[in-house]
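Summary of the model geometry
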Amino acid sequence: MHPALLHRSLPILPPLLGLLLLAVLARAQPNYIYDEPWVNQYRQGFNFQCPHGEVLVAIRSYFSEKEGADRLWSFECQRTPYALGEPTDCWWDDINRAGLEWSSMCSGNGLVAGVQSQYFNAVLDREWQFYCCRYAKKCPYSCWKTQEYPDYYREEADFVVPSYGYFIRGAQTTFSGVLRDRQWKYILCRMTEHDCDYENF
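Here the structure is a predicted model, which is why all the values come from computation and not from measurement. (Residues numbered from 1 in each chain as written. Predicted model: local features only at pLDDT ≥ 70, side-chain atom pairs only at ≥ 80, totals over all residues. Heavy atoms only, no water.)

Here we look at the sheet that holds strand 3 (residues 70-79)
- The strand order across the open sheet built from three strands is 3-2-9, with neighbouring strands paired in antiparallel fashion. Where the open sheet ends on each side, the last strands, each with one partner, are strand 3 and strand 9 (157-160). Neighbour-to-neighbour, the strand axes of the sheet open up by a mean angle of 15 degrees, direction not taken into account.
- Relative to strand 9, strand 2 (residues 54-64) runs antiparallel, the two sharing four bridges. Bridging across to strand 9, Ile-59 finds its partner in Phe-159. (Pairing = 2+ DSSP bridges. Helix = DSSP H or I, 4+ residues; strand = E, 2+ residues; numbered from the N terminus. Axes fitted to C-alpha atoms, helices over the stretch in contact; angles between N-to-C directions.)

This is the structure in structure tokens:
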């Protein structure tokens, strides 16, 4: 059909319907509805750290099979409650190797305040390392693991800490050698407002 005839055959949308259609199309684009940009490009490493005194509260990712079975990642941070005080020490914890299942929690009662990752073409996967911060002698309690994110391999994943006062201390992941993707269970804890002398592993 000639473009001019095609243009004449299309109905003119009422303004409100046009705005609604625009909103639906925008929603279909990965991460455009969020304020935080992706921190990486496919198959590239990244290093993300929250500002001093903040910790991770939201993690999002978007999978692409054609881009090396890799994900784009986005993170959000939030200031910790006043009762925790300022972080007294921060460090990069152990590296979790690519192509393997692993479970990792910040040592020394630390809270996750950043992530770095490198991509490996040989295994179509990433290694991971958490940036952890300790808050004086505050200790974790009421710890639990979330459900799996995403629900199924290769889906978009969107995790937000479900309640103020809970903090991400680490994660447990499963890796599919067939689908070349991971599912994540995040380890969440509350922290004492008083000083204590033990570590909760």
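After that view, the rundown keeps rolling.
Description of the pairing of strand 11 (residues 181-191)
- Taken across its eleven residues, strand 11 has nine buried, putting it largely inside the fold.
- Strand direction decides the pairing type here: strand 8 (residues 140-145) and strand 11, joined by four bridges, are antiparallel. Within the sheet, the bridge partner assigned to Tyr-141 lies in strand 11 and is Arg-190.
- Sheet topology note: the strand 10 (residues 167-176)/strand 11 ladder contains nine bridges and is antiparallel. By the bridge assignment, Thr-173 is partnered in strand 11 with Trp-184.
- Between strand 10 and strand 11, which follow one another and run antiparallel, lie four residues, and Arg-180 among them has a positive phi close to 55 degrees. (Buried < 20%, exposed > 50% of the residue type's maximum accessible area, 1.4 Å probe, protein only.)

A few points about the nonpolar core
- Ranked by internal contacts, the top residues of the largest apolar core, which has 25 residues, are Leu-56, Trp-73, Phe-75, Phe-130, Ile-168, Trp-184 and Tyr-186.
- Secondary-structure elements contributing two or more residues to this core are strand 1 (46-49), strand 2, strand 3, strand 6 (111-120), strand 7 (125-134), strand 10 and strand 11.
- If we skip the residues at most four places from it in the chain, Leu-56 touches Phe-48, Cys-50, Phe-75, Glu-76, Cys-77, Val-112, Ala-113, Gly-114, Val-115, Val-161 and Ile-168.
- Counting nine residues, the second largest nonpolar core, distinct from the first, contains Leu-111, Ala-113, Tyr-131 and Tyr-135. (Core = buried A, V, L, I, M, F, W, Y, C linked by side-chain atoms within 4.5 Å. Contact = heavy atoms within 4.5 Å.)

A few points about the state of the cysteines
- Counted according to the given criterion, the structure contains five disulfides.
- Note that Cys-50 is cross-linked by a disulfide to Cys-77, the S-S spacing being 2.1 Å. An S-S torsion of about -80 degrees defines the bridge between Cys-50 and Cys-77 as left-handed. With Cys-50 in the loop between strand 1 and strand 2 and Cys-77 in strand 3, the pair connects residues that are 27 residues apart, well separated along the chain.
- Judged by relative accessible area, Cys-77 falls into the partly exposed class, the value being 22%.
- Cys-106 shares a disulfide with Cys-132; S-S distance 2.0 Å. Residues Cys-106 and Cys-132 share a disulfide whose torsion about the S-S bond is about -80 degrees; that sign makes it left-handed. (Disulfide = S-S within 2.5 Å.)

A few points about the sheet that holds strand 6
- The sheet built from four strands is open, its strands ordered 1-6-7-4 with antiparallel pairing. In the strand order of this sheet, the two ends are held by strand 1 and strand 4 (89-96), each with one partner. Taken over all neighbouring pairs, the strand axes of this sheet differ in orientation by 15 degrees on average, direction set aside.
- Note that strand 1 and strand 6 share four bridges and pair antiparallel. Paired with Phe-48 across the two strands is Val-115, which belongs to strand 6.

Comments concerning the side chain of Gln-183
- Positionally, Gln-183 belongs in strand 11.
- The class of Gln-183 is buried, set by a relative accessible area of 7%.
- A polar side-chain atom of Gln-183 sits 3.1 Å from the main-chain carbonyl oxygen of Pro-150.
- A distance of 2.9 Å separates a polar side-chain atom of Gln-183 from the backbone oxygen of Asp-151.
- Those residues within four positions of Gln-183 in sequence are excluded, and the remaining contacts are Glu-148, Tyr-149, Pro-150, Asp-151, Tyr-152, Tyr-153, Gln-172, Thr-173 and Thr-174. (Polar contact = N/O pair within 3.5 Å; in protein donor to acceptor, adjacent residues only side chain to side chain.)

None of this, on its own, says anything about what the molecule does.
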